[in-house]
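Topology and contacts: notes
Residue strings, one per chain:
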Amino acid sequence: MGEEVKVIGSIKSGFCVRVEWALKLKGVEYEYIKEDLRNKSPMLLKYNPVHKKVPVLVHGDKPIPESLVILEYIDETWKDNPLLPEDPYERAMARFWAKYADEKCMFGAWEAFKAEGEEKEKAMESALESFAFLEKAIKGKKFFGGEKMGFLDLVVGWIPHWLSVLEEVGGMKMLDAEKFPSLHEWAENFIQIPLIKECIPPRDVLVNHFHATFSSLRSLSANKP
Amino acid sequence: MAREEVTLLGMWASPLALRIEWALKCKGIWYKCIDEDLLNKSQRLLTHNPIHKKIPVLLHGGKSIPESLVILEYIDETWKQNPLLPEDPYERAMARFWAKFVDEKCWTTIPGVFGNERGDEQEKSKEKAIEELRILEKQLEGKKFFGGESVGFLDIVCGWIAYWLPFIEDITGLKLVDETSFPALSAWFKAYLSVPWVKELLPPPDKLRAHLITFRQKLLSSRLLNI
């Protein structure tokens, strides 16, 4: 278990940060290798030839891509502070919600961010529907994991920081404290936790990054025939 | 463990529901299967999967579990005999990675060939599907099954390809997997479909063929209407 651990990632990615949180939660030392996604390194292409994406966890000489797969690997390799609950049904629910959150909430927010006019309205409506389900899942609980944070908290952990930047840059409001009181409270609480806070990028870095993304998306659509 | 009833909400022609039946049979778990009408969804389905309203859903001890990959892991963790996933965390990670790949890529591209009629588009779909199958072929090299010497998680996840692909090729007139270009995959198709508990659950070929032809006709006519 004394093998070197590396995380190949981008600090601007809500997928990569969840891997860092998991390692920190378990007290695992790792080296972070920053990847420039506009100019992918031979190392990334070697370690994730199929998707060529971050994050990739490299443990010893073994590369593991796909953030949800990485989280489960981390949980099974380092047993301290378990991320997934013990009960098979509770584990199934955590996995179900993780998939749902990534496919609907995160993707939904991203689609709403990119869109304009009527399309934006529609995309927001769809995303908000998915947030309503997440609100139900956290109601009455301190964390998605219960008393302590767990797998699902790390998976939706992009919400407190990343979503607020997407809202600002994309000109939209999604995490309304009135509409989603439990989710809002969870977000406020989660982002204050020291090990969570220490891994998030400075807000202005994210703002600049998403402004640049927004502009290039707009100029692409303006140039469409 | 007290014997709690296991029910699967599925559909006879669904590859995703079939993978659940395979997993249950592999572990010798008795279960009841309910065929859902997907064109006229029952209150039962809407109750047990209110979010996606899809099959398969596993009902066990008063609990509902949707999403086939989630169900497979639940089955593996609840009934420990004949484990589907390997023991080693890295091997488990690889099985999960490839399962996700098959569900996100092959699950769209292989039927994508099916849903196209025009030359260019069909050729493009075919090329994409073949590219992905080549990636799977590499994973199988030197192995009898994805799980090694015996059937495992990834075999059950990919199993639909072994049975459905020949029907798709036959109906579209396109060949995607031939023995020369895909020796490992071709051998795996035969080996997997010969496993007794796999074979006994396969939908009847004539019935499936007729179903797929009708399904394709609907798909193509709805595409024509979208132009």
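An unreviewed UniProt entry lists chain B under the name glutathione transferase, with Vitis vinifera given as the organism. For the record of chain B, the UniProt heading Sequence similarities (unreviewed entry) holds the text "Belongs to the GST superfamily." The UniProt entry for chain B carries the following comment under Catalytic activity (unreviewed entry): "RX + glutathione = an S-substituted glutathione + a halide anion + H(+)".

As recorded in an unreviewed UniProt entry, chain A goes by the name glutathione transferase, listed as coming from Vitis vinifera. In its Sequence similarities (unreviewed entry) section, the UniProt entry covering chain A states "Belongs to the GST superfamily."

Take the sheet that holds strand β1 (residues 5-9) of chain A next. All names here are of chain A. The four strands are arranged β2-β1-β3-β4 in an open sheet whose pairing can be described as mixed. The strands lining the two open edges of the sheet, one partner per strand, are β2 (31-34) and β4 (62-65). With strand direction ignored, the average angle separating the axes of adjacent strands in the sheet is 20°. Strand direction decides the pairing type here: strand β3 (residues 56-59) and β4, joined by four bridges, are antiparallel. Looking at the pairing, His 59 lines up with Lys 62 of β4. Contacting β3 and β4, helix α3 (residues 67-77) crosses the sheet at an angle of about 130° to β4.

All names here are of chain A. One pass over the full model with this rule turns up zero disulfides over all chains. Cys 105 takes part in no disulfide bond, and the closest cysteine sulfur to it belongs to Cys 16, at a distance of 19 Å. Looking at the unpaired Cys 199, the closest cysteine sulfur is the one in Cys 16, lying at 12 Å. Classification of Cys 199 by relative accessible area gives buried; the value is 10%.

Residue and element names in this part refer to chain A. Where helix α1 (residues 14-25) contacts α3, the axes come no closer than 9 Å and their chain directions differ by 5°. Considered as vectors, α1 and α3 are oriented roughly parallel to each other. Here Phe 15, Arg 18, Val 19, Ala 22 and Leu 23 of α1 lie close against α3, whose contacting residues are Ser 67, Leu 68, Ile 70, Leu 71 and Ile 74. For the contact of α1 with α3, the per-class residue count stands at eight nonpolar, one polar and one charged.

We now examine the domain arrangement of chain B. All names here are of chain B. Domains assigned within chain B are domain 1 (6-78) and domain 2 (89-226). For domain 1 and domain 2, the distance between their C-alpha centres works out to 21 Å. The interface is formed by 18 residues belonging to domain 1 together with 20 residues belonging to domain 2. Regarding the contact of domain 1 and domain 2, the summed buried area is about 1900 Å², with carbon and sulfur atoms giving 73% of it. By the criterion of area lost to domain 2, the three top residues of domain 1 are Trp 12, Arg 19 and Trp 22, representing 38% of everything that side buries. Counting across the domain 1 and domain 2 interface gives three salt bridges. With a shortest N-O distance of 3.5 Å, Lys 25 and Glu 200 are connected by a salt bridge.

Right, let's get into the UniProt feature "domain: GST N-terminal" (unreviewed entry) in chain B. The residues that UniProt annotates with the feature "domain: GST N-terminal" (unreviewed entry) are residues 4-83 of chain B. Within residues 4-83 of chain B, the helical portion is 36% and the strand portion 21%, while the C-alpha atoms at the span's ends are 20 Å from each other.

Rules of the game
- Residues numbered from 1 in each chain as written.
- Chains lettered and ligands numbered in written order.
- Predicted model: local features only at pLDDT ≥ 70, side-chain atom pairs only at ≥ 80, totals over all residues.
- Heavy atoms only, no water.
- UniProt positions renumbered as here; feature names shortened; annotations may be inferred.
- Pairing = 2+ DSSP bridges.
- Helix = DSSP H or I, 4+ residues; strand = E, 2+ residues; numbered from the N terminus.
- Axes fitted to C-alpha atoms, helices over the stretch in contact; angles between N-to-C directions.
- Contact = heavy atoms within 4.5 Å.
- Disulfide = S-S within 2.5 Å.
- Buried < 20%, exposed > 50% of the residue type's maximum accessible area, 1.4 Å probe, protein only.
- Parallel < 35°, antiparallel > 145°, perpendicular 65-115°, else oblique.
- Nonpolar A, V, L, I, M, F, W, Y, C, P; charged D, E, K, R; others polar.
- Domains from an automatic or database assignment.
- Buried area = accessible area lost by both parts, 1.4 Å probe.
- Salt bridge = Lys/Arg side-chain N within 4 Å of Asp/Glu carboxyl O.

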